[in-house]
Number of protein chains: 2
Amino acid sequence: MMCPTPLVARDKILLGHGSGGKLSADLIESIFLPAFHNPVLARLDDQGVVTINGAKLAVTTDSFVVKPLFFRGGDIGSLAVHGTVNDLAMGGAQPLFLTVAFILEEGLPMDTLRRVVDSLAGAARAAGVQIITGDTKVVEKGSGDGIFINTTGIGLVPEGVELSASAARPGDCVILSGSIGEHGMAILSEREGLEFETALESDSAALDTLVATMLAADGRIHTLRDPTRGGVSSSLNEIARQSGVGIEIEESAIPVRDPVRGACELLGLDPLYVANEGKLIAMVDAAAADAVLAAMRSHPLGRDACAIGSVTAAHPGLVTMRTLLGPSRIVDMLAGDQLPRIC
Amino acid sequence: MMCPTPLVARDKILLGHGSGGKLSADLIESIFLPAFHNPVLARLDDQGVVTINGAKLAVTTDSFVVKPLFFRGGDIGSLAVHGTVNDLAMGGAQPLFLTVAFILEEGLPMDTLRRVVDSLAGAARAAGVQIITGDTKVVEKGSGDGIFINTTGIGLVPEGVELSASAARPGDCVILSGSIGEHGMAILSEREGLEFETALESDSAALDTLVATMLAADGRIHTLRDPTRGGVSSSLNEIARQSGVGIEIEESAIPVRDPVRGACELLGLDPLYVANEGKLIAMVDAAAADAVLAAMRSHPLGRDACAIGSVTAAHPGLVTMRTLLGPSRIVDMLAGDQLPRIC
């Protein structure tokens, strides 16, 4: 039942190795962890947490290769800030500093770079993070694709905060901060030139103030994760696996806006596997759930927050969902490369 | 005299924008600094230095796009560790942690990735740095070039250490840790399929223990810089400009090994502009120069260390060199893209 993944040939990198699903997990387990093994990395959280001279720091890195560079609701510059700020926030850290490294393709219009840099700078200012060092490399035309950006973030974890994907406990309430699938479908519709009646817009946003609001309301939050690549289903599977718990969710409780639902139906996609860039999943002690939910709903980025299920001691490592039609089904991690290059 | 750079059209990114020379400086001054402005970044050192909860941390980021991936003396994996460890070391910091982010091209042989990851892990172990978090993205075949790696490093700056490219002072002795041009010429000969009688080998190495040895010998070191992209000439120009001093060097004092000299002559290159990955330049109080030099020569990576010139109050911002033939000439920053993708 623990998904031995019978996938295609393993001797070459596939697009799916960057999807955040099974193949990504494979790569981490078979190549990166054995080579780099250490206890910080082995936690497999979205951020490494280390203590330097008594300061507990969260550190996270992400490269952004989103295509197209500009999309409704954001661009690669703002995304590069939000993605990294959010990975810090999911560790409960206050984001402080970013590094920014560009890989540019020869021939890139200078105006495009300027727009991206201005957007990145604006998003950093809005999130209150300073860009403290950077790097630029240029590759020949045809050896890159316009702009790739790496951002690495450093944040300070407050005293007493210990969030981890390994920390979910049976009895926890599973909370989702809002409707899902908007980032992935916005990118996809832009890329494929699809026009829908209602425009799809990315939910890309910095979640650090939402997290601070939640932690201030009640500290009994065990796990936070932003369901980006691989969507809600992959994040829940990671938590179930790393915490050694089962997770049961209700399909009817998961908010999906009409344009996303429509586009997903048209394209044969399941919104549970589509990326978000401004949403989070929280595993919260049941006794704290009401207070945390109320605090989330008081924040603009958590207005539609809702409980979508619970953590169980039954079937550890598995995520199940009671469907709209009644019966439960297993919700697996994303397999393959449903939506490459969405971040 | 301050080099108003009358360069080619400015509306597109050129390979030279990644060269570490004039065009790179241009891009930083015209696009990045105005957008991201803050005091940490404005120092324009190879590392940002920030204080968190009393701990003084150096942070640096670099993307590696070297071509080919494997070369005599190293590969993109070991280089990604050495480059970032050295940028920390140039701030006098003890390197502690690295983040590693891969951008892989679809179709990359898994064995190639494995070799690079193993080399990267080995170099990190040797340098005593832990890899605490990572990321992997995959782009379609033709949208990347095998493997790009970003490493971001965090180090601890010891009490009392204040190195900066802005801190060189008239009267300082200019020290070079060894012979120059080996990394760039090794890459170039590999890339162009050139065969020389004596094999050219990259000098790629982690310089943190050499720096620690130097600082232990005498703390009166003002500036350290590793002359990578753009070579010794570009690093000296950056220091001259940022410190507002003149620098005078002696061509006869600069060690260049025969195979590098031969290859440079054949290809019409000046070793002063060729990249190094295991060398450093130090601006040292004249009273401390002998002690620092002796300490360097006791270290395997500083055996050939030598004084190559001095810092002067005359002609601030300019680097001049007394040539082998007698007269002095101005040594400018690298213009254009002599050697793209050497790191």
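Predicted, not measured: the structure shown is a model, and the values here were computed from it. (Residues numbered from 1 in each chain as written. Chains lettered and ligands numbered in written order. Predicted model: local features only at pLDDT ≥ 70, side-chain atom pairs only at ≥ 80, totals over all residues. Heavy atoms only, no water.)

1. Looking at the side chain of Thr99 of chain B
Next, step 1: Considering the arrangement of structural elements, one finds Thr99 of chain B in strand β5 (residues 94–105).
Next, step 2: Excluding its chain neighbours within four sequence positions, the residues that come into contact with Thr99 of chain B are Val59, Thr61 and Thr152 of chain A together with Thr133, Asn150, Thr151 and Thr152 of chain B. (Helix = DSSP H or I, 4+ residues; strand = E, 2+ residues; numbered from the N terminus. Contact = heavy atoms within 4.5 Å.)

2. So, unusual backbone geometry
Next, step 1: Between Lys67 of chain A and the following residue, Pro68 of chain A, the backbone shows a cis peptide bond with an omega angle of 5°.
Next, step 2: Mapped onto the secondary structure, Pro68 of chain A falls in the loop between β2 (55–64) and β3 (70–71).
Next, step 3: For Asn53 of chain B, which is not a glycine, the phi torsion comes out positive at approximately 50°.
Next, step 4: Tracing the sequence through the fold places Asn53 of chain B in the loop between β1 (48–52) and β2 (55–64).

3. As for the domain arrangement of chain A
All names here are of chain A.
Next, step 1: What the domain assignment reports for chain A is domain 1 (46–156) and domain 2 (173–330).
Next, step 2: Each of domain 1 and domain 2 has a C-alpha centre, and the two are 23 Å apart.
Next, step 3: Taken together, the contact pairs 19 residues of domain 1 with 21 residues of domain 2.
Next, step 4: Summed over both sides, the interface between domain 1 and domain 2 buries roughly 1800 Å², with carbon and sulfur atoms accounting for 58% of that surface.
Next, step 5: One can count one salt bridge joining domain 1 with domain 2.
Next, step 6: Across the pair Arg225 and Asp46 runs a salt bridge whose closest N-O atoms are separated by 3.5 Å.
Next, step 7: Taken together, the links from domain 1 to domain 2 amount to nine residue pairs in polar contact (both at pLDDT 80 or more). (Domains from an automatic or database assignment. Buried area = accessible area lost by both parts, 1.4 Å probe. Salt bridge = Lys/Arg side-chain N within 4 Å of Asp/Glu carboxyl O. Polar contact = N/O pair within 3.5 Å; in protein donor to acceptor, adjacent residues only side chain to side chain.)

4. A closer look at helix α9 (residues 289–297) of chain B
All names here are of chain B.
Next, step 1: Taken residue by residue, α9 has Ala289, Val292, Leu293, Ala295 and Met296 as its buried positions. All buried residues of α9 project into a common sector of 160° when viewed along the axis, lining one side.
Next, step 2: Looking at the buried positions of α9, the neighbouring elements they touch are β8 (173–176), α6 (208–217), β9 (221–225), β11 (281–284) and β12 (306–312). (Buried < 20%, exposed > 50% of the residue type's maximum accessible area, 1.4 Å probe, protein only. Arc of directions from axis to C-beta.)

5. Topic: the packing of helix α1 (residues 22–36) of chain A against helix α4 (residues 110–127) of chain B
For any two helices packed against each other, one specifies the crossing angle of their axes together with the interaxial distance.
Next, step 1: With their axes 8 Å apart at the nearest point, α1 of chain A and α4 of chain B run at an angle of 25° to one another. Between α1 of chain A and α4 of chain B, the crossing angle belongs to the class labelled roughly parallel. Once α1 of chain A is placed against α4 of chain B, the crossing between them reads as right-handed. Between α1 of chain A and α4 of chain B, the residues in contact are Leu27, Ser30, Ile31, Phe32, Ala35 and Phe36 of chain A and Met110, Leu113, Arg114, Val117, Asp118, Leu120, Ala121 and Arg125 of chain B, respectively.
Next, step 2: Here the residues of the contact of α1 of chain A with α4 of chain B sort into ten nonpolar, one polar and three charged. (Axes fitted to C-alpha atoms, helices over the stretch in contact; angles between N-to-C directions. Parallel < 35°, antiparallel > 145°, perpendicular 65-115°, else oblique. Left-handed = near helix turned anticlockwise from the far one by under 90°. Nonpolar A, V, L, I, M, F, W, Y, C, P; charged D, E, K, R; others polar.)

6. Focus on the packing of aromatic side chains
Next, step 1: Tallied over the entire structure, the rule returns five aromatic pairs over all chains.
Next, step 2: When the centroid spacing of 5.0 Å and the interplanar angle of 20° are considered together, the rings of Phe102 of chain A and Phe32 of chain B count as stacked. Residue Phe102 of chain A is located in strand β5 (residues 94–105), and its partner Phe32 of chain B is located in helix α1 (residues 22–36); the two belong to separate chains. Each member of the pair, Phe102 of chain A together with Phe32 of chain B, is buried.
Next, step 3: A centroid spacing of 6.2 Å and a plane angle of 10° characterise the contact between Phe32 of chain B and Phe36 of chain B, whose relative ring orientation is stacked. Taken as a pair, Phe32 of chain B and Phe36 of chain B lie in helix α1 at a separation of four residues, close to a single helical turn.
Next, step 4: Given the relative accessible area of 8%, Phe36 of chain B is considered buried.
Next, step 5: One aromatic cluster is present, built from ring pairs that chain together Phe32 and Phe36 of chain A together with Phe102 of chain B.
Next, step 6: Its guanidinium or amino end placed over the ring of Phe70 of chain B, Arg115 of chain B lies 3.7 Å from that ring's centre, counting from NZ or CZ.
Next, step 7: Its guanidinium or amino end placed over the ring of Phe64 of chain A, Lys137 of chain B lies 5.6 Å from that ring's centre, counting from NZ or CZ. (Phe/Tyr/Trp six-rings, centres within 6.5 Å; stacked < 30°, edge-to-face > 60°. Lys NZ or Arg CZ within 6 Å of the ring centre and 35° of its normal.)

7. Some words on the pattern of salt bridges
Residues and elements named next belong to chain B.
Next, step 1: Taken as a whole and judged by the stated rule, the model has 38 salt bridges over all chains.
Next, step 2: Lys56 is the salt-bridge partner of Glu162, the closest N and O atoms lying 3.8 Å from each other. Note that Glu162 is positioned in the loop between β7 (147–156) and β8 and Lys56 in strand β2, a separation of 106 residues in sequence.
Next, step 3: For Glu162, a relative accessible area of 62% gives the class exposed.
Next, step 4: With a relative accessible area of 22%, Lys56 lands in the partly exposed category.

8. Thoughts on the relation of the copies chain A and chain B
Next, step 1: Rotating chain A by 180° about the axis while translating it 0.0 Å along that axis superimposes it on chain B, leaving an RMSD of 0.0 Å. Such values leave the two copies arranged in the relation of a two-fold axis. Minimal C-alpha separation from the rotation axis in chain A is found for Gly144 of chain A, amounting to 2.2 Å.
Next, step 2: Of the residues that chain A buries at the interface, 100% are likewise interface residues in chain B, meaning the two copies contact each other through the same surface. (Least-squares fit on C-alpha atoms with pLDDT ≥ 70 in both.)

9. Looking at helix α3 (residues 76–89) of chain A
All names here are of chain A.
Next, step 1: Under the 1.5 Å per step criterion, the end-to-end length of α3 is 20 Å for 14 residues, consistent within 8% with the ideal 20 Å.
Next, step 2: Along α3, 14 of the 14 residues are buried, which leaves the element largely enclosed by surrounding structure.
Next, step 3: Its side-chain oxygen 2.7 Å from the backbone nitrogen of Gly77, Asp75 forms the N-cap of α3. (Expected span 1.5 Å × (residues − 1).)

10. Here we look at the pairing of strand β7 (residues 147–156) of chain A
Next, step 1: Of all ten residues in β7 of chain A, ten are buried, a share of seventy percent or more.
Next, step 2: Residues of β7 of chain A alternate between two faces, with Ile147, Ile149, Thr151, Gly153 and Gly155 of chain A on one and Phe148, Asn150, Thr152, Ile154 and Leu156 of chain A on the opposite face, all of them buried.

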